Structure formats: C-alpha cells, structure tokens
Amino acid sequence: MNQEAWKKVEDAVAASKTTTIKQLFAADPDRAAKYTLSAAGWTLDYSKNRIDANVMKALFGLAKAANLQEEIEKMFTGAKINRTENRAVLHTALRNCDPAAQVFVDGKDVMPDVRAVLAKMGAFADAVRSGAHRGFTGKRIKYVVNIGIGGSDLGPVMATLALAPYSKRSIKSFFVSNVDATHLAETLRQVKAAETLFIVASKTFTTQETMTNAESARDWLVKELGGSGSAVAKHFVALSTNEAEVVKFGIDPANMFAFWDWVGGRYSLPSAIGLSLMISIGPKNFGKMLKGYWKMDKHFRTARLEKNMPVVLALLGILYSNAYGAESYAVLPYDQYLSRFPAYLQQMDMESNGKAVTKDGKPVAYSTGPIEWGEPGTNGQHSFYQLIHQGTHLIPADFIGFCKTHNPIGDHHDKLMANLFAQTEALAFGKTAEQCRADGDPEELVPFKTFEGNRPTNTLLADDLTPETLGALVALYEHKIFTQGVIWNIYSFDQWGVQLGKVLAKNVLKDLVAEKPELKHDSSTNALIAHYRKVLGRA
C-alpha cells in the first residue's frame, strides 16, 4: 500500500474522526444525494459512513497511487496478473456479451472457445429441460445433483436459490459438496436413480472430496439401475478439462464441458460450472445473468474512480479495516432468495485477499482480507444485530434489498423493507440518553437503552431480483475485492493457503486406515489418530 497516499488518508481521518455521522447529516441537508451512485440496475447509498469530502478525496488518491485503472486494464485484456501461477485472470471474458469482442491470452483469442462452451451448455440444458435427454431407462430427468466443492458448489448453490422464481419447478436441484457421507446420503434419499442427472464439477477430476462423492454416487446409481455400468453415460456429465479421467470414470466425452486455468473457482459461476444453474433457469435467463455481469464489468472498467461503485465500496472497506481497525464486515441481504449470498462472498473475499505477504514476497505491514459474514434480514435482527448496535466491535455492514418482491403476500414486503431502512437509520443515528429520558425510561435503564450510533452502513437497492441484477451484484463484489487487492499490493487470484491441509490429510489418511500406522506426526495428532483407531477397533 502506498504509504505516502495512505498518510493523507490518515490525516483526513484524524481531522474528521470526532465528527459523527449524525453531525455530518445535520451539517449537510444534501448529503444523501452527494453520496449516492447508480450502475447496472443498482443504487448505492453510502452516505451513512464516517466520511467527508476530504476523506473521500484522500481515498481516491490512494487508489490512483496504486495505479488502479492500469491494473483494471491488465485484468480485462488478459495480462498474467496471477503471477504466482503465471496465469491470466479472465472471468470477465466469460460474460462478455459483445459479439465482436476479442480477448487474447498468449496470442490466442479466447472468446471463440468461451462462446462454443456456452452454446454447448445451452444445447444440453435445453435437452434436459425438454426431455430430449433422458436417463438409462428412458425416463425424463427430474433431479439434478451438482457434485463439487468450493467455487464449484457455492456459486451454483447461491444462484440457483437466488433465481428460484425463474426455475423450471419440475426439475429439482441438489448440491453435494462435503466429503462427509451424510451430505451425499441425505441427498440420495430424496432422488430416484432413473430420473437423476449428476454433474461432477472438478477441473482436474482429481479433487478428493468431489471425486469421493462422485464415485459413491456412481456406485449407487449402478446398483439402483440393475448393475449396468453403461447407465453412467446417461446420468453423469463432467465439468472438467481432464478428458482421460472423465472417460475412465464412464462419462461420455461429448458430455464434458470445459473451462480454463484463467478462471478461478470462486469466479467460475458464468463458466461451465454454472451448468446446473442453466438447467434450472434455462439458457435465456442464464444469458440475462451474463448481461448483468457485463454491465457492471463495463461500469467498473470505464467509470471514473469517483463515480465507480466497486471502487467506492472497496475504499470504504479499506477505510474501516486500516484506519479504524475493523476486523470484519457484514453483508445483510433483505431477501430470502439471497440467503446463501453471504456464504458465497465469504469464499470470494477471504480466499482472495486472505494474504499476509505483498507481491514482492514481504510481510504486509497492515491488515488485509477482512472477515466477511452475514445472514438474511430480518432473521439476523433477532440474532447478532445486538452486537452490531451496542457491542464493542466496529462492524461496517452492507444492506441489500429490492423494491419489488416475487411473492406479494399481504404487507410482508413493506414490513421487510421498513426493517432494512430502519436498521441503517438506527445504526447511523443511535439514541441518546436524553431521548431515552424523554421516552420515560427509568434512569437506571438509560445506560442500557442508549445507542451510540455512528455505525457505518451501505445500502444497495435494485428494483427487483432478476438474473440480470444478480449478475451485476456478483460482479460488483468481485471488482470490489480486486480493487482492495490492488491497493493492498497482494495477489488476489491464488490460494496457496488451502493446499497444506490437503497434503497433510493424505498422510493422515494413510495412518487412519493402515494395518500398522507410521505415526510420524506431532504428539497431539498421533494421539488423535490413535484414539480414532481404537474406537473403530483398528488399534
């Protein structure tokens, strides 16, 4: 992070730190209008933050000092910005809706391949939805089970739930990720083999959790359908690049959908990884989602920093993380269809920017990668909002809502949105001791009923939750996270931290099942292995 530019941010914060959000609004009747942006179907009100014009000017200076606009161009044009793996980062190419667009990696235009895979996905999804693609016994597909983990699971899960109003209700979607057999077993209890399509999502077709679940699902299917291995080709498809392993598994290579090493798992929903979603909502709606992504991509790439929605969100996050010491932030969607959105963002944010070294390999001297968490409103109000309102931790929060509902029952939606708006108001302005006394609260209760306020929030509003607004929302957070990585001078597109545990697990597994375990671990791990083996009668 550029220290000269950061010093200007610190100076601006120091000059305004004693001024509360309440005082900022009192001093400027037009504050809300000044701090509101619109892009790709979304409106962002960021007026309820601890900011003034000088703080924002310094923050934009920080972005400029990091050469953010140049870094944005590098990403969009296929430069290998993932330097530790020597890869381009081109999830934006997956949703480039310009029919004449060209994006080059190593001198090759990748767009023809992107369009070809998308067309292949569309043809297959239509075949499943229409009944043209049937199972081994000739029955229509009624159940789709996506087997993946990480980005191969969280994205499709989140989006399939979010876009349920656009789904083909006669096809039910399931998602299996955990290597815990319970996840697969409970799913298989809800489906019928002759009517089930399994989608195995693994780029290498070697991911331990995914392939363990896939192999067990295959065994179950073959047993349920009379022991014929040829049934596999009708009931399994692969999202992979390893054709040899796909064929070995029993999947017809014609039903293998490719993606590329310049697509990170947590950014892969618009790729073949989204096949389960496309089957659910149809190719047309999937295309509308891509259009939403594309609109936000274009906004991020072309809007000046001061009017750039992902940049503004990123800078506000850096303000609280690095100037105020906030360790986490909450994402609070006021729509039940977005109930898995915070979990999806957890991976996107924490796997991307959970880094402790800069791009030159030196330890960072500042906080990176805040902890992201959240639940849908209004449930969270009866859970953790107490801590946000009156606790000792500063927790900035993004509130997400829609003006229209897919389910207009009574006054449910008015009450839902009233709570969203009221929570941001309460967090910003609080309630003074004098207001408590005026309300007649006993003096001994005044300290307990006083709300400090001055708790920062952003409010994101769209007209309604559609494939297009969902795509734009996901892209908004993708670009926010990228921007923060640029400013922190860290690599956001590798994830070496997930590897060590996987490697060690293989060695532990050998000791769990071996006739004579080697037990060359630390004393704690050796003792745990010994206890496990004893309980299972393997000691």
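Refer to the structure printed above.
None of these values were measured; they are calculated from a predicted model.

*Asks:* So what exactly am I meant to see when it comes to the overall build of the chain here?
*Replies:* Along the chain, the regular secondary structure elements total 23 helices and 13 strands. With the C-alpha coordinates aligned to their principal axes, the bounding extent of the chain is approximately 75 × 60 × 55 Å. Here the chain, with 539 residues, has 52% of them falling under the buried criterion. In the chain, the share of contacts with a sequence separation of at least 24, taken over all contacts with a separation of at least 6, comes to 73%. Split by element, the accessible area of the chain, about 23,900 Å² in all, is 53% carbon and sulfur.

*Asks:* Whenever I open this one, the sheet that holds strand S10 (residues 328-333) confuses me. Can you help?
*Replies:* To summarise the sheet geometry, strands pair through backbone hydrogen bonds and adopt either a parallel or an antiparallel arrangement. Taken together, the 6 strands give an open sheet; going across it, the order is S1-S2-S13-S12-S10-S11, and neighbouring strands pair in mixed fashion. What marks the edges here is a single partner per strand, and that holds for strand S1 (36-39) and strand S11 (371-373). Between one strand axis and the next, the sheet turns through 15° on average, direction left out of account. With 4 bridges connecting them, S10 and strand S12 (residues 397-402) associate as parallel partners.

*Asks:* Help me understand the pattern of salt bridges, please; the structure alone is not making it clear to me.
*Replies:* A side chain with one charge may pair with a side chain of the opposite charge, provided their charged atoms come close. Inspection of every chain in the model, using the stated rule, returns 23 salt bridges. Note that Asp106 and Lys80 form a salt bridge whose closest N and O atoms lie 3.0 Å from each other. With a gap of 26 residues between them, Asp106 in the loop between strand S3 (104-105) and strand S4 (108-109) and Lys80 in the loop between helix H5 (68-76) and helix H6 (91-94) connect regions that are remote in the sequence. Relative accessible area serves as the criterion here: at 64%, Asp106 is assigned to the exposed category. Glu478 is the partner of Arg95 in a salt bridge, and the nearest nitrogen-oxygen pair spans 2.6 Å. Here Arg95 is found in the loop between H6 and S3, whereas its partner Glu478 is found in helix H21 (residues 467-488), with 383 residues between them in sequence. The exposure class assigned to Arg95 is buried, which follows from its relative accessible area of 0%. One continuous salt-bridge network, built from bridges that share partners, spans Lys64, Arg304 and Glu306.

*Asks:* I would appreciate a short explanation of helix H14 (residues 283-302) in the present structure.
*Replies:* Structural remark: α-helix, 3.6 residues per turn; residues separated by three or four positions point the same way. Here H14 contains 20 residues, and its C-alpha end-to-end distance of 28 Å stays within 8% of the 28 Å for a straight helix at 1.5 Å per residue. Here H14 has its buried residues at Asn285, Phe286, Met289, Leu290, Gly292, Tyr293, Met296, Asp297, His299 and Phe300.

*Asks:* Help me understand a nonpolar patch on the surface in this model?
*Replies:* Side chains of Tyr532, Val535 and Leu536 sit close together on the surface and give an oily, nonpolar patch of about 300 Å² of accessible area. Looking at the secondary structure, you find Leu536 in the segment after helix H23 (523-535). Judged by its relative accessible area of 43%, Leu536 is partly exposed.

Parameters and conventions
Residues numbered from 1 in each chain as written. Predicted model: local features only at pLDDT ≥ 70, side-chain atom pairs only at ≥ 80, totals over all residues. Heavy atoms only, no water. Helix = DSSP H or I, 4+ residues; strand = E, 2+ residues; numbered from the N terminus. Buried < 20%, exposed > 50% of the residue type's maximum accessible area, 1.4 Å probe, protein only. Contact = heavy atoms within 4.5 Å. Areas by Shrake-Rupley, 256 points an atom, 1.4 Å probe, with all protein chains shown as cover. Pairing = 2+ DSSP bridges. Axes fitted to C-alpha atoms, helices over the stretch in contact; angles between N-to-C directions. Salt bridge = Lys/Arg side-chain N within 4 Å of Asp/Glu carboxyl O. Expected span 1.5 Å × (residues − 1). Patch = residues over 30% accessible without salt bridge, like charges linked within 9 Å, V, L, I, M, F, W, Y side chains within 5 Å.

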